[in-house]
Amino acid sequence: MSSPWSITLATLTKDIRLEWRSKDALNSMLFFSLLVVIIFSFSFDPNAEESREIAGGLIWVAFLFAAVVALNQTWARELRNQVLDAYRVSPAPPNSLFLAKALGNFVFVIILECVMTPLFVVFYNLRVLGPAWQLIPVGLLGTWALVVNGTFFAAVSLRTRSREIMLPLLLFPISIPAVQSMVEATRIILAGDGNARFWIVLLLTYDVVFTTASLALFGTILHAE
Amino acid sequence: MKRLFPILALLTAVLLIYGLYQALVVAPTERTMGDVQRIFYYHVPSAWTAFCLFFTNLLASLVYLVWKNSKADALAVASAEVGVIFCTIVLVTGPIWARPVWGIWWTWDVRLTTTLVLWLIYVSYLVLRRFSDSAQTPVLAAVLAIFGALDVPLVYFSIWFFRTQHPQPVIGGGGSLDPRMLHAFLINLLAFSCFGAMVCWARYRLERLHREVEEAQALESLLGAPQ
Amino acid sequence: MNSIKFLYAAYIATWLIHAVYLGSLVRRYSRLRQQMKELDK
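Residues numbered from 1 in each chain as written. Chains lettered and ligands numbered in written order. Predicted model: local features only at pLDDT ≥ 70, side-chain atom pairs only at ≥ 80, totals over all residues.

Trainee: Pulling in residues and values, what's your account of the overall build of chain B?
Mentor: When its secondary structure is counted, chain B shows six helices and zero strands. Starting at the N terminus, the α and β elements of chain B follow one another as α-α-α-α-α-α. Overall, the C-alpha framework of chain B stretches about 70 × 45 × 30 Å when taken along its three principal axes. By residue count, 43% of the 227 residues in chain B fall in the buried class. Pairs at least 24 residues apart make up 81% of the contacts formed inside chain B by residues separated by at least 6 positions. (Helix = DSSP H or I, 4+ residues; strand = E, 2+ residues; numbered from the N terminus. Buried ≥ 20, exposed ≤ 12 C-beta atoms within 10 Å, placed from the backbone. Contact = placed C-beta atoms within 7 Å.)

Rendered as structure tokens:
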């Protein structure tokens, strides 16, 4: 009997390999991300001083939209091939499946963010006036906050009508404290005005609380389908 | 039980009318805000009732998750729906109060924003219940209620800190409190609590009837409709 | 004195929302009663 960790790893590498072979989702997501950045640049004039102040918010809203599009097809492959039924009867702990999916989404969204961020920097002439290294924990913790709940709610939405709209509908209200933390932390770091430590700690708390909740309740969700 | 409901409903109606009288006639006019402050007698009791109902939903959801009791699930549906109604009233009366007193319709203050997020979470709960076709919808909804409950303290805390950094006017508070005002407030608090409980009970009975009818219909189609 | 309009608006809005909701409950209830009667036949 393999350990839960090895199952997680196996599922994760399988997903990444499948994704890499088709590259369809990845390419269309990359293009979508580029479009989002450009639309935002048209809508919120990058030259205005105000735009630089809200750049932190703009980036995260853009990431949020990209993440939702990525999350929506989290379980699509499993649904198509009745993999979920197999998982229900297998002795593998449901957590492993969830963790693999969440980590896969995490990697995917981080890649998108790495593409979108330089574009934002270019279009908005962003300069980091605060401690730039702090953007890394903000980025990692913030992305995980969106992805962990997003993967969970994607599973909850599986058997609902209008599945694609159900996911953001469930995700956005719950994510409000996380989004506020990400945006404030980014704004503070970019402007070099104040200390982002509180927001980073709040993000960490949010991540711990909801990762625990998702791991604890995913089994219930899986068997409820 | 069936006799009890009309009696309690009548009692609640009397309390509400008495509360209205207290709020509009007996309570003195507030010094700084004027008569508009009387909205307070409806705004805060509605908020209290909404939070109690949402808490009821949380408890009912937990009971359902552990014991799969269908009565608990019916109560969860009822308390969520009625809670959203009362919460809507809080979000409507808040800005109506804020506009003449502070000159703004909305401010991201702690209580109002937390109420808004609670409203959003429970509206999404109701949408999930409506859109989910699975027989396991109650389980999914119960899990959502738990996630919502975990979220609320985080919401409150994050907005609280945000506001210490960016202070703005506070809606729904302040003003002097004369003992007659306290009396009027407590009467309305009691009246709205009873009213909330009554409507929730009515909705609960409606839900149970709905399920009875569904079961009866399913049974009939299973056995074949008699000619 | 203009602010008194806001007071009325708030109280009326409250009772309007409650009235609409209670009305929908009554409507749903009578419809279910009707369905129940048809099933009992």
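Trainee: Report on the arrangement of the chains, specifying residues and quantitative values.
Mentor: Between all two pairs of chains that are in contact, chains A and B come out with the most contacts. In this view chain A stays clear of chain C, with the nearest C-alpha atoms of the two still 23 Å from each other.

Trainee: Provide a residue-level description of the interface of chain B and chain A, including the pertinent values.
Mentor: You'll often see interface size given as the accessible area lost when the parts meet. Taken together, the contact between chain B and chain A spans 26 residues of the former and 25 residues of the latter. Residue assignment for the side of chain B that touches chain A shows that the elements contributing at least two residues are α4 (110-131) and α5 (137-165) of chain B. For the side of chain B that touches chain A, the element with the most residues is α5(B), which contributes 15 residues. Class assignment for the residues of the side of chain B that touches chain A results in 18 nonpolar, six polar and two charged. (Nonpolar A, V, L, I, M, F, W, Y, C, P; charged D, E, K, R; others polar.)

Trainee: Please give an account of the packing of helix α3 (residues 70-102) of chain B against α4(B) that cites residues and values.
Mentor: All names here are of chain B. For the pair α3 and α4, interaxial distance at closest approach is 9 Å and the crossing angle is 145°. Once α3 is placed against α4, the crossing between them reads as left-handed. Across the interface between the two elements, Val-77, Ala-80, Glu-81, Gly-83, Val-84, Cys-87, Thr-88, Val-90, Leu-91 and Gly-94 of α3 pack against Leu-112, Thr-115, Leu-116, Leu-118, Trp-119, Tyr-122, Val-123, Tyr-125, Leu-126 and Arg-129 of α4. Along the lines of polarity and charge, the residues of the contact of α3 with α4 split into 14 nonpolar, four polar and two charged. (Axes fitted to C-alpha atoms, helices over the stretch in contact; angles between N-to-C directions. Left-handed = near helix turned anticlockwise from the far one by under 90°.)

Trainee: Got a sec to walk through the nonpolar core? Specific residues and values, please.
Mentor: General note: in soluble globular proteins, nonpolar side chains tend to be found buried as a group. Counting 130 residues, the largest nonpolar core has Leu203(A) and Leu144(B) as its most contacted members. Looking at which element gives the most residues to this core, the answer is α3(B), with 17 residues. (Core = buried A, V, L, I, M, F, W, Y, C linked by C-beta atoms within 7 Å.)

Trainee: Outline the packing of helix α7 (residues 135-156) of chain A against helix α8 (residues 163-191) of chain A, supporting the account with residue identities and numerical values.
Mentor: Residue and element names in this part refer to chain A. Packing of α7 against α8 brings their axes to within 9 Å, and their N-to-C directions diverge by 180°. Relative to α8, the element α7 lies roughly antiparallel. Contacts between α7 and α8 involve Leu-135, Val-138, Gly-142, Ala-145, Leu-146, Asn-149, Gly-150, Phe-153, Ala-154 and Val-156 on the former and, on the latter, Leu-167, Leu-170, Leu-171, Ile-174, Ser-175, Ala-178, Met-182, Ala-185, Thr-186 and Ile-189. A per-class count over the contact of α7 with α8 returns 15 nonpolar, five polar and no charged. (Parallel < 35°, antiparallel > 145°, perpendicular 65-115°, else oblique.)

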